[in-house]
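# Summary of the model geometry
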Amino acid sequence: TAMIAEVVIYESLDKPFLTGKIVVVDNKNMFSGMEFSGTERIQLSIGAADADHEEMIVEKTFIMTGIEGVKNNNKSASSSTFVFSIMDEIGFIGRATKLRKSYSGNLENIIRKIIRSEFGQRIDVSLTGAKSLKDINSVQGGMNIIVPNLNIIDTINWLCSRLTTRNSSPYY
C-alpha cells in the first residue's frame, strides 16, 4: 500500500524462518490511538516475473515482534514513521510452541510428522535433487524418541543434528 515505505526481509542460514523490518509512514495519524501488542499478523503479497515473464506471487504471513522505532515527521505530530520488526508465522509458532511428545520411526519421518502436525505443511525436497521423499534416507534406522519440552524449531534442529547420510556426511 501507499503507507509502506520499505520492506526488508532477511533469510539466514542459521534460522529456518524469515525475519525482517517494515517501515510504515502514517500520514493520516491512524496509528496514534493504537496500542500494538506485538503479535499482529501482517500479510505480504510479493510479486515478480520469472525468466519467461510469467507473474509469480508469493504470499507470506508475518507476525510483528516489536516496534524498533517511532519518529514524528512534523511538529504537529500528524505524520509519523514506524519501524516494525517481523518474523514469519512458522518461525513465531515454532519458537513459541513447546513439544512434549514421543515419536517412533526414522528421523526423517519424525521430522515430517512434526512439520505436518504442528505447521500443516509438507516438506518440499525438489531443491535437493531427490525425485521423492523416498529418495532421501539417512543411515539411522527406526528409533523411539521423547521430546523433552523443546520448542518446535529446537526439536527439528536436535533431530537434524543426529542425521547422517550413507557416507557419514551430516544433513543441513
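Our structure's up above, just so we're on the same page.
Just so it is clear, the structure is predicted and the values come from calculations on it, not from any experiment.

On inspection of all chains with the given rule, the structure shows one aromatic pair. Measuring from centroid to centroid gives 5.8 Å for F82 and F84, while their planes differ by 15°, and the two rings are stacked. Using a relative accessible area of 8% as the deciding quantity, one classes F82 as buried.

Okay, the side chain of T155 next. Structurally, T155 can be placed in helix α3 (residues 152-161). Under the relative-accessibility criterion, T155 is labelled buried at 0%. Apart from residues no more than four positions distant in its own chain, T155 is found in contact with L99, I114, V147 and L150.

Time to look at the nonpolar core. As a rule of thumb, nonpolar side chains are buried together in soluble globular proteins. Counting 14 residues, the largest nonpolar core has Y103, I110, I114, I156 and L159 as the members making the most contacts within it. Sorting the residues of this core by element identifies α2 (107-119) and α3 as the ones contributing at least two each. It is α2 that provides the largest number of residues to this core, a total of six residues. The contact partners of I156, leaving out residues within four places of it in the chain, are I111, I114, I115 and F119.

What follows concerns the sheet that holds strand β4 (residues 55-72). Sheet architecture is open: five strands sit in the order β1-β2-β5-β4-β3, paired in antiparallel fashion. Sheet topology places β1 (4-11) and β3 (41-49) at the edges, where each strand pairs with a single neighbour. The average undirected angle you get between the axes of adjacent strands in this sheet is 30°. Sheet topology note: the β4/strand β5 (residues 80-88) ladder contains nine bridges and is antiparallel. Bridge assignment links M64 to a residue of β5, and that residue is I86. Along the sheet, helix α1 (residues 89-96) contacts β3, β4 and β5; its crossing angle with β5, the most-contacted strand, is approximately 65°.

Scoring rules and cut-offs
All chains use their own residue numbering, which begins from 1 and follows the written sequence. Reporting in this predicted model follows two pLDDT cut-offs: at least 70 for local features of residues, and 80 or more for side-chain atom pairs to be given and counted; totals over whole chains, interfaces and linings ignore these cut-offs and use all residues. Calculation of side-chain values draws on the structure's entire complement of heavy atoms; hydrogens and water are dropped beforehand. Aromatic rings from Phe, Tyr and Trp, with only the six-membered ring used for Trp, were paired whenever their centres fell within 6.5 Å, and each pair was classed as stacked if the ring planes differed by under 30 degrees, edge-to-face if by over 60, and tilted otherwise. Exposure is judged per residue with a 1.4 Å probe applied to protein chains only, and the accessible area is read against the type maximum: over 50% gives exposed, under 20% gives buried, and values in between give partly exposed. We count a stretch as a helix when DSSP gives it H or I for four or more residues in a row; a strand needs E for two or more, and each element gets its number in order from the N terminus. By the convention used here, residues are in contact when the closest approach between their heavy atoms is within 4.5 Å. Definition of nonpolar core: a set of buried residues of the types Ala, Val, Leu, Ile, Met, Phe, Trp, Tyr and Cys, connected through side-chain atoms within 4.5 Å. Note on pairing: DSSP must find at least two bridges between two strands before they are called paired. For helices, the fitted axis covers only the stretch in contact; all axes are lines through C-alpha atoms, and the angles between them, taken along N-to-C directions, range from 0 to 180 degrees.

Functional significance is not addressed by these values, which are geometric in nature.
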